[in-house]
Amino acid sequence: MPKILVEKLKFTYPSGLKALKGIDLKIEDSESVVIIGENGSGKTTLVKHFNGLLKPTSGQVWIENKNTKDYSIAELSKTVGYIFQNPEQQLFKETVREELTFGPKNIGFSGNKTKSRVEKIAKMTNIYNLLDLNPRRLNFFQKQWVAIASILTMDPKILILDEPNTSQDFLGVNKLIDLIKHLLKSKKTLITITHDLNFASKISNRFVVVSDGKILLDDPPQNIFVRQKELVQANLISPPIPRLGISLGFKYPPISNKDFINMYRELR
Amino acid sequence: MGINIKDLSFIYPGSEKKALKNIDLNIGDGEFCCILGKNLAGKSTLCYTITGFIPHFFKGKIEGKVLIDDLDTTDLPLHKIVTKVGFVLQNPFNQLSGSKFTVFEELAFSLENLGIFRNEMIERVEEILKKLKIYDLKHRSPYELSGGQQQMVAIASILVMKPKILVLDEPTSQLDPVNSKLIFSLVEELNNDGVTIVIAEHKIDEIVEFADRILLIEDGKIVLDDSPNEVFKTFSKYKKYTKYMRPPCFVKLAQRMEREGLWKKNNGYPINFEQAKKEFSKRPTI
Ligand SMILES: Nc1ncnc2c1ncn2[C@@H]1O[C@H](COP(=O)(O)OP(=O)(O)OP(=O)(O)O)[C@@H](O)[C@H]1O
Ligand SMILES: Nc1ncnc2c1ncn2[C@@H]1O[C@H](COP(=O)(O)OP(=O)(O)O)[C@@H](O)[C@H]1O
Ligand SMILES: [Mg+2]
Ligand SMILES: [Mg+2]
């Protein structure tokens, strides 16, 4: 049974704008999938269907064999955690601690279990020293961590990160990569949206390219970075190191520096 | 139009810590400066001082002086500063007026405040929509857009005013690679026409292509002020700052190639694509 199954999904906003134009997608248990593509192509609209924030105009979305149209957001939240692209839309409590406590309490975790999860997750996301502060007073990148933490405390099996790296410095991005690897080790299913293809290749080997409300490509990055026509169509540019490799005559685009060096050796 | 900052320190209201510490900085007319530094280093705070948000919006405790075009920002009201200095905020959502129903009206509103006549206003809004390739958003609500589309509109709402000094705080954080490149190129084009640019960024690979000058901030102080070439060509210059910023990707690659005996440094490390391609094609077998 796939963790997420999307069949012929179409979605039209109340304004009449057709954002999704027929999406089919299958995501298995413990997979890490990255969703990339042009601004406005429908990435956020797509993933908001996974926890029931949006319901299909037509087509079906199944989460662990449950059709999302038969379940409320609250029920789906036990299984699927969505972290908003703009953390400010997600945070509404007076302290960071309340923000982290809200979810687990709501889905019926005991007081003790909630408390220990809040402690553990706050440490894991580097916000332990912010617990008593008002989230509105924090810097944007700190709000991003609080938004992540407030979902992780519920321990959902499926996690959706919508551009989690946008205002992180290089150390923050490395912490995110570590966190994602840790979550994958504990058998979570992860879906990450990002525009940073370098970050993307560090956390996943499956890139889903969305273009104009449809899935254009669904492949490992090595295959994506050579599809010049599709890259242009999806407003993407392959990252510098893969591009350099190709321009030097490598057979495949090198994904990491290690790849680059191995292929460089082979060339001589 | 230049910027002169003299011995500037700033403490946010309700805080005890100095967010900026004794900053002395002169940015000349037509320079292209990039502010780098870790989260919380003080990049946005420095942007606020250059744009008059400090002291007019954030009250706090301020010492020292900021002069724009030789005028003290303390004496200039914010609506006067806005006519000279355009400021693209870190969070595009906060840039929107909150009172307009279409993207067109949102951009026109920027110009109404400058007292520009209707015909010129329409022409300028149309021009910027085309330049940023967001013409199809013209009649859409600014609040029913994707995050990246909203960021493009926020940038457009400032560019349409044609400021002589442009300050941008992580302006491309939510943009796809092509839109991000488009914004960097447009900013460079403006700079070629004489606009002074100050941009806070994490995207070091893009910055080395465009900026003339890197200002590295750490804990409220400017710890490095030099050209990208100078900073990254030799590792000795950069070595002291590895904790505060990462090197361009080609420098990192070249260092690894060097360690593995695959490449030798002659003219310093390559910092952009062209240099890297040239350096690494040198071997006779390619
Ligand atoms: N609330 C809304 N009402 C109407 N249209 C919307 C709304 N939100 C988004 N859209 C439109 O739906 C389409 C898809 O938007 P979506 O937010 O899913 O894009 P995205 O791929 O996440 O883009 P980005 O990379 O910029 O975040 C776009 O054309 C956008 O303008
Ligand atoms: N509105 C604010 N109120 C209080 N302190 C702030 C505010 N904004 C920033 N600070 C503090 O000022 C320092 C510099 O922050 P900032 O300029 O936002 O850094 P950067 O943009 O480099 O991430 C930090 O210690 C931060 O906590
Ligand atoms: Mg989005
Ligand atoms: Mg900032």
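Bear in mind that the values here come from a model prediction, so they are computed numbers and not experimental data.

Trainee: Please clarify how the pairing of strand 2 (residues 18-27) of chain A should be interpreted in this entry.
Mentor: Where a strand is regular, its side chains alternate between the two sheet faces. All names here are of chain A. By the bridge criterion, seven bridges tie strand 1 (residues 4-12) to strand 2 in an arrangement that is antiparallel. Its bridge partner being in strand 2, lysine 10 is matched across the sheet by lysine 21. The turn joining strand 1 and strand 2, which pair antiparallel and follow one another in sequence, is formed by five residues; a positive phi near 100 degrees is taken by glycine 16.

Trainee: Just to check I follow, could you spell out the packing of aromatic side chains for this structure?
Mentor: Describing an aromatic ring pair means giving the distance of the ring centres and the angle of the ring planes. Counting across every chain of the model gives 23 aromatic pairs over all chains. Relative to A:Phe260, the ring of A:Phe250 lies with its centre 5.0 Å away and its plane at 50 degrees, an arrangement referred to as tilted. One end of the pair, A:Phe250, is in the loop between helix 10 (240-247) and helix 11 (257-267); the other, A:Phe260, is in helix 11, with 10 residues separating them in the sequence. Residue A:Phe250 is classed as buried on the basis of its relative accessible area of 6%. What makes A:Phe260 buried here is its relative accessible area of 0%. Grouped by ring-pair contacts, the aromatic residues B:Phe10, B:Tyr12, B:Tyr48, B:Phe53, B:Phe57, B:Phe58 and B:Phe87 constitute a single cluster. Cation over ring: A:Lys66 sits above A:Tyr71, and NZ or CZ is 5.5 Å from the ring centre. For A:Lys123, the ring lying beneath its charged end belongs to A:Tyr128, and the centroid distance is 5.1 Å.

Trainee: Explain the coordination of the magnesium ion (ligand 3) to me, please; I cannot follow it from the model alone.
Mentor: Residue and element names in this part refer to chain A. On the protein side, the magnesium ion (ligand 3) has Thr44 (OG1) and Gln85 (OE1) as donor atoms, found 2.0 to 2.2 Å from it. A residue pair is termed long-range when its members are at least 10 positions apart, and threonine 44 in helix 1 (residues 43-47) and glutamine 85 in the loop between strand 6 (80-83) and helix 3 (96-106) qualify at 41 residues. Given a relative accessible area of 13%, glutamine 85 falls into the buried group.

Trainee: For this particular structure, what's the right way to read the sheet that holds strand 2 (residues 18-27) of chain B?
Mentor: The strands that make up a sheet are held in pairs by hydrogen bonds between backbone atoms, and each pair lies either parallel or antiparallel. All names here are of chain B. A sheet is described by the order of its strands in space; here four strands give the open sequence 2-1-4-5, paired in antiparallel fashion. Both edges of this open sheet fall to strand 2 and strand 5 (71-72), since each of them pairs with a single strand only. Direction of pairing for strand 4 (residues 61-68) relative to strand 5: antiparallel, over a ladder of two bridges. The partner of isoleucine 68 across the bridge, within strand 5, is leucine 71.

Trainee: In this structure, what is going on with the site of ligand 2? I would like to understand it.
Mentor: In the neighbourhood of ligand 2, 14 residues make up the surrounding shell, with A:Asn139, B:Leu40, B:Lys43, B:Ser44 and B:Thr45 lying closest. Around ligand 2, the nearby residues trace back to chains A and B. B:Leu40 is positioned such that a nitrogen or oxygen atom in its backbone is 2.8 Å from an oxygen atom of ligand 2. Between ligand 2 and the protein, one listed contact pairs an oxygen atom with a backbone N or O atom of B:Lys43 at 2.8 Å. Per-element tally for the shell around ligand 2: the top contributor is helix 1 (residues 43-50) of chain B, with three residues. Here the residues of the shell around ligand 2 are counted per class, giving five nonpolar, five polar and four charged.

What counts as what
Residues numbered from 1 in each chain as written. Chains lettered and ligands numbered in written order. Predicted model: local features only at pLDDT ≥ 70, side-chain atom pairs only at ≥ 80, totals over all residues. Heavy atoms only, no water. Pairing = 2+ DSSP bridges. Helix = DSSP H or I, 4+ residues; strand = E, 2+ residues; numbered from the N terminus. Phe/Tyr/Trp six-rings, centres within 6.5 Å; stacked < 30°, edge-to-face > 60°. Buried < 20%, exposed > 50% of the residue type's maximum accessible area, 1.4 Å probe, protein only. Lys NZ or Arg CZ within 6 Å of the ring centre and 35° of its normal. Donors = N, O, S within 2.8 Å, 3.2 Å for Na, K, Ca; no water. Near = heavy atom within 4 Å. Polar contact = N/O pair within 3.5 Å; in protein donor to acceptor, adjacent residues only side chain to side chain. Nonpolar A, V, L, I, M, F, W, Y, C, P; charged D, E, K, R; others polar.

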